[in-house]
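Secondary and tertiary structure notes
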Amino acid sequence: MNNKVPVLEIFGPTIQGEGMVVGRKTMFVRTAGCDYSCSWCDSAFTWDGSAKSDIRQLTDEEVWHELQTLGGDRFDHVTISGGNPALLKSLDKLIDRLHDHQKQVALETQGSRFQEWFYKIDDLTLSPKPPSSGMKTNYEVLDDIVERLQNNGRSQHISIKVVVFDETDFDYAKHIHQRYPSVPFFVQVGNDDLTTTDDDALTRKLLGKYEWLIDLVVATTDMNNVRVLPQVHALVWGNKRGV
Ligand SMILES: C[S@@+](CC[C@H](N)C(=O)[O-])C[C@H]1O[C@@H](n2cnc3c(N)ncnc32)[C@H](O)[C@@H]1O
Ligand SMILES: Nc1nc2[nH]cc(C(=O)O)c2c(=O)[nH]1
Ligand code: SF4
Ligand SMILES: [Mg+2]
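Residues numbered from 1 in each chain as written. Chains lettered and ligands numbered in written order. Predicted model: local features only at pLDDT ≥ 70, side-chain atom pairs only at ≥ 80, totals over all residues. Heavy atoms only, no water.

Under an unreviewed UniProt entry, the chain has the name 7-carboxy-7-deazaguanine synthase and belongs to Priestia veravalensis. The Subunit (unreviewed entry) field of the UniProt record for the chain holds the comment "Homodimer." (UniProt positions renumbered as here; feature names shortened; annotations may be inferred.)

The following block contains the structure:
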């Protein structure tokens, strides 16, 4: 069995800029490879071949060593993102190692694949993709993942986060919230300007979109138990990588 993890970036400590533990001090491990190809993916380098030569096949011990080198004693939380980390059975050992060292573990995934190690994740974000992404949600798989987690006592450890770019996406978000009403639900501002280096202009634009999304949620009856968030890291650091 392949016990290595294809890693593209390890960075931090920084803050979790999105979703259920927004603001939480954390390290990031970003894995390579995705089964989706979202039109607006802000981490397309994980799957489009452009950073192929940066991919390292690391053991859990090597990942842990690098986290320690970077973070020392200044972290107690690690977020695994990608790409889609749920493609990797081999993350099981890394999660155990992090827990052995009293580090909490968060996961970002789109909900297209299940892994047994989902049951061990402390903060698990499922982020199904709205129409603007060009991807199609497999509800059979998503239903199964949510059901398994709920049936195994993980309800306090999961959330759903939908990125919204337009009103069609907002309708999709409403539909997802109605389908899984007991799962803590987040809508997130979409960033459609992934190349600009003008941080002030980007911040202004994203805050404008944040207000637009807040207004939509405020005006909608089926969106009451909902949290509306921007990507805090994009407001602070723009499109910079590794923050
Ligand atoms: C890069 S993805 C990696 C994890 C996993 N593949 C997923 O999509 O959940 C992490 C999060 O960033 C969000 N995201 C990606 N591109 C974005 C963009 N342009 N604007 C806002 N959020 C974005 C995704 O929807 C997801 O919630
Ligand atoms: N600060 C920060 N927060 C994040 N939350 C989710 C991220 C991701 O790319 O998965 C991300 C990221 O790349 N940086
Ligand atoms: S699922 Fe996540 S990593 Fe994959 S293409 Fe979409 S946003 Fe990017
Ligand atoms: Mg990101």
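That was the structure; now back to the text.
On the secondary structure map, Asp 123 appears in strand β6 (residues 123–126). Take Asp 123: its relative accessible area is 13%, and that puts it in the buried class. Put simply, Asp 123 and Ile 158 are 35 residues apart on the chain and 5.9 Å apart in space, counted from C-alpha to C-alpha. Setting aside chain neighbours within four positions, we find Asp 123 in contact with Met 20, Val 21, His 77, Val 105, Ala 106, Leu 107 and His 157. Within the structure, Asp 123 has its side chain in polar contact with the side chain of His 77 (distance 2.8 Å). (Helix = DSSP H or I, 4+ residues; strand = E, 2+ residues; numbered from the N terminus. Buried < 20%, exposed > 50% of the residue type's maximum accessible area, 1.4 Å probe, protein only. Contact = heavy atoms within 4.5 Å. Polar contact = N/O pair within 3.5 Å; in protein donor to acceptor, adjacent residues only side chain to side chain.)

Taken together, 22 residues are adjacent to ligand 1, and Trp 40, Gly 83, Ser 127, Lys 129 and Asn 191 come closest. Note that a nitrogen atom of ligand 1 is positioned 2.8 Å from one of the backbone N or O atoms of Trp 40. One nitrogen or oxygen atom from the side chain of Gln 110 is found 2.9 Å from a nitrogen atom belonging to ligand 1. Expressed as a share of its isolated accessible area of 530 Å², the protein-covered part of ligand 1 is 96%. When its residues are assigned to classes, the shell around ligand 1 shows six nonpolar, 11 polar and five charged. (Near = heavy atom within 4 Å. Areas by Shrake-Rupley, 256 points an atom, 1.4 Å probe, with all protein chains shown as cover. Nonpolar A, V, L, I, M, F, W, Y, C, P; charged D, E, K, R; others polar.)

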